[in-house]
Amino acid sequence: MPSNELSKVIQELVKYGYNAEPEVVQFINNTPDPNSTIKFLISNIPEEIFTLNMSHISNIYGRSPSTSPSISILNDMTGNSTGSGTYNDFVSIFQDRLSQLTSILSNRINPYPLNSLKNTSGEVRVVGMVSNIQKTNSNHILIELEDISGTFSILVHNNSEIFNLTDEILLDEVIGVKGKLSSDSEILFAEMIYFPDIPLNFRPPHATRPVQAALLSDIHVGSKHFNSELWSDFTSWLKTPEAEPIEYILIAGDLVEGVGVYPGQDIDLEIINIYEQYDAFNECLKDISGDISMIMIPGNHDAVRLAEPQPGFDLEIKNILSSSNIHFTSNPSTVIVEGVPILMYHGVSLDEIIAETHSTQVSYDAPHNAMIQLLKKRHLAPQFGSRTRISPEQKDYLVIDKIPSVFHSGHVHKFGYGKYHNVLVINSGCWQSQTDFQKRANITPDVGYAPILDLDTLNLTIRKFS
Ligand SMILES: [Fe+2]
């Protein structure tokens, strides 16, 4: 830790007339906002104490802050949005997507440029972005693939062993194909389809000490249907000895219900002002011990732009959420907690994956299977221009560049988890009881789930409040 940062903490304490032992200075410096932590501590310290030690800190927080939180964020794009919405920005983002995913696939299949195929014969391998996919009159699948050199037509025969893979292919995703060229080299007959995918032998990094994180999502404070009783049950449980190892809470968006999110939302609102919704959410956090570090990304109900990647909350919202232990970051973000890379993504594209993927395994009742599709495609919102809004940026932040140990989402309000090539995949459900809209659509949300992750073993314990 740079000594000038520690000096600033000491100076700030002295300003208020306090000293602190070195461990306390280190502890304060490791919190996301040391100045807020100092204000919180001195407003809670007994009058007669002027030199803070760790037992004072434990008394204030009601538990022992045994170690410093270990959090780093890899790809927070807050404040780094470059898109101006021009045609060139859209070209940039697709070129970057193609480039990043081609390099992942190229390691495995050594592709030919598409414009070279007309001068080639026999077996070839190619990589490109799917610009069109359609069924032919003979019920084969014709895929138009595009790379920076040109386009080429790929035919997947309906008798081929790989035909069922075409059910999973979406527009704008990047795939690899191995096949044989027709005699006139005008079309490629596919024999193998490759997704960028997670390597089978991926070994997920894990923590080196026993410590846990609660992975939550979709709290929806401000909605008439926010289940405050279950939330209180959860925060009360956090104070029990059983919850002692929990040092982190991650929330994958939709902290509040928001306003104007869908037509007629007003009748579902308990609190109609968006800032008052965040005030109420802040009250919900007050019961959580101050030495639990929280990480939050926005969702589509939050007061942040809808287009993805969504930047983290602005200063106005951050100031309302006054706990000093919250790390705000963009949606998506990869956060490294105790050495464990956790990909946090709210999950709007899951609606699209569930609607467009023709596999029976991918459904709202098994949201983790839709998330697995995203891992296979190494992209969080593969299909452009439909339900998921994408902000044109120079860099495609939605490419899954770093392989996470854990992939954490929400949005669909259904709980589900599974493992894919050693990556733990979790959709956290929600804290909002069934809305009238859900009743009419026959959707039963999974309410009050707190999946608890052992960061050292990557095992999951499901805690359900009811
Ligand atoms: Fe939600």
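Residues numbered from 1 in each chain as written. Predicted model: local features only at pLDDT ≥ 70, side-chain atom pairs only at ≥ 80, totals over all residues.

(A) Quick look at the overall build of the chain. Each helix and strand in the chain was counted, giving eleven helices and 19 strands. Radius of gyration (C-alpha) of the chain: 25 Å, near the 23 Å computed for a compact globule of 466 residues. For the chain, the C-alpha atoms occupy an extent of roughly 90 × 55 × 45 Å along the three principal directions. By residue count, 42% of the 466 residues in the chain fall in the buried class. Taking contacts inside the chain between residues at least 6 apart in sequence as the whole, the part at least 24 apart equals 70%. (Helix = DSSP H or I, 4+ residues; strand = E, 2+ residues; numbered from the N terminus. Rg over C-alpha atoms; globule rule 2.2 N^0.38 Å. Buried ≥ 20, exposed ≤ 12 C-beta atoms within 10 Å, placed from the backbone. Contact = placed C-beta atoms within 7 Å.)

(B) Broad picture of the packing of helix H9 (residues 349–356) against helix H10 (residues 367–377). Interhelical geometry of H9 versus H10 gives an angle of 95° and a closest axis separation of 9 Å. As summarised for this structure, H9 and H10 are arranged roughly perpendicular, according to the angle between their axes. Side by side, H9 and H10 meet where Leu-350, Ile-353 and Ile-354 of the first sit next to Pro-367, Ala-370, Met-371, Gln-373 and Leu-374 of the second. Among the residues forming the contact of H9 with H10, the class breakdown is seven nonpolar, one polar and no charged. (Axes fitted to C-alpha atoms, helices over the stretch in contact; angles between N-to-C directions. Parallel < 35°, antiparallel > 145°, perpendicular 65-115°, else oblique. Nonpolar A, V, L, I, M, F, W, Y, C, P; charged D, E, K, R; others polar.)

(C) Examining the sheet that holds strand E8 (residues 187–194) more closely. Within the closed barrel, the five strands sit side by side as E4-E5-E6-E8-E7. Their pairing is mixed. On average, each strand axis in the sheet is inclined to that of its neighbour by 55°, with strand direction left out of account. Bridging between strand E4 (residues 123–135) and strand E7 (residues 174–181) involves seven bridges; their strand directions are antiparallel. By the bridge assignment for E7, Val-126 is matched with Val-177. (Pairing = 2+ DSSP bridges.)

(D) Summary view of the environment of Glu-247. Here Glu-247 is to be found in strand E10 (residues 246–251). The sequence separation of Glu-247 and Met-294 amounts to 47 residues, and the corresponding C-alpha distance is 8.6 Å. Apart from the residues lying within four places of it in its own chain, the contact partners of Glu-247 are Pro-69, Val-211, Gln-212, Ile-292 and Ser-293.

(E) Summary view of H9. Along H9, the residues that are buried comprise Ser-349, Leu-350, Ile-353 and Ile-354. Considered in projection along H9, the buried side chains sweep an arc of 140° and stay on one side of the axis. Packing partners of the buried residues in H9 comprise H10 and strand E15 (406–409). (Arc of directions from axis to C-beta.)

(F) Structural context of the nonpolar core. Formed by 95 residues in total, the largest nonpolar core has its most connected members in Ala-213, Ile-249, Leu-250 and Ile-251. If one sorts the elements of this core by residue count, H10 sits on top with five residues. Look past the residues within four positions of Ile-249 in its chain and what remains in contact with it is Ala-213, Ala-214, Leu-216, Ile-288, Ile-292 and Met-294. One finds Leu-13, Ile-28, Leu-41 and Ile-57 within the second-largest nonpolar core, a separate group that totals twelve residues. (Core = buried A, V, L, I, M, F, W, Y, C linked by C-beta atoms within 7 Å.)

(G) Examining the sheet that holds E10 more closely. Pairing within the open sheet is mixed, and its six strands lie in the order E12-E11-E10-E9-E18-E19. Since the sheet does not close on itself, it has two edges, and those belong to strand E12 (326–328) and strand E19 (460–464), each with one partner. Sheet twist, expressed as the average angle between the axes of neighbouring strands with direction ignored, equals 20°. Pairing geometry for strand E18 (residues 449–454) and E19, over five bridges, is antiparallel. Residue Ala-450 lies in a different strand from E19, and its bridge partner there is Arg-463.

(H) Region of interest: the domain arrangement of the chain. Splitting the chain by domain gives domain 1 (3–68), domain 2 (72–80 + 201–464) and domain 3 (110–194). With centres defined by C-alpha atoms, the gap from domain 1 to domain 3 works out at 62 Å. (Domains from an automatic or database assignment.)

(I) View of the pairing of E7. Relative to E8, E7 runs antiparallel, the two being bridged by six bridges. Bridging from a neighbouring strand, Gly-176 pairs with Tyr-194 of E8. Counted between consecutive antiparallel strands, the loop separating E7 from E8 contains five residues, among which Ser-185 sits at a positive phi close to 55°.

(J) Summary view of the pairing of strand E5 (residues 141–147). Only one face of E5 is covered, namely the face carrying Ile-141, Ile-143, Leu-145 and Asp-147; the face carrying Leu-142, Glu-144 and Glu-146 is uncovered. Where E4 meets E5, six bridges bridge the pair, whose relative direction is antiparallel. Bridging across to E5, Met-129 finds its partner in Glu-146. Relative to strand E6 (residues 150–156), E5 runs antiparallel, the two being bridged by seven bridges. Note that in E6 the partner of Leu-145 across the bridge is Phe-152.

(K) Main features of the environment of Ser-36. By the element assignment, Ser-36 lies in helix H3 (residues 34–44). Judged by the 17 C-beta atoms lying within 10 Å of it, Ser-36 falls in the partly exposed class. In this structure the C-alpha to C-alpha distance between Ser-36 and Asn-282, which are 246 residues apart in sequence, comes to 15 Å.

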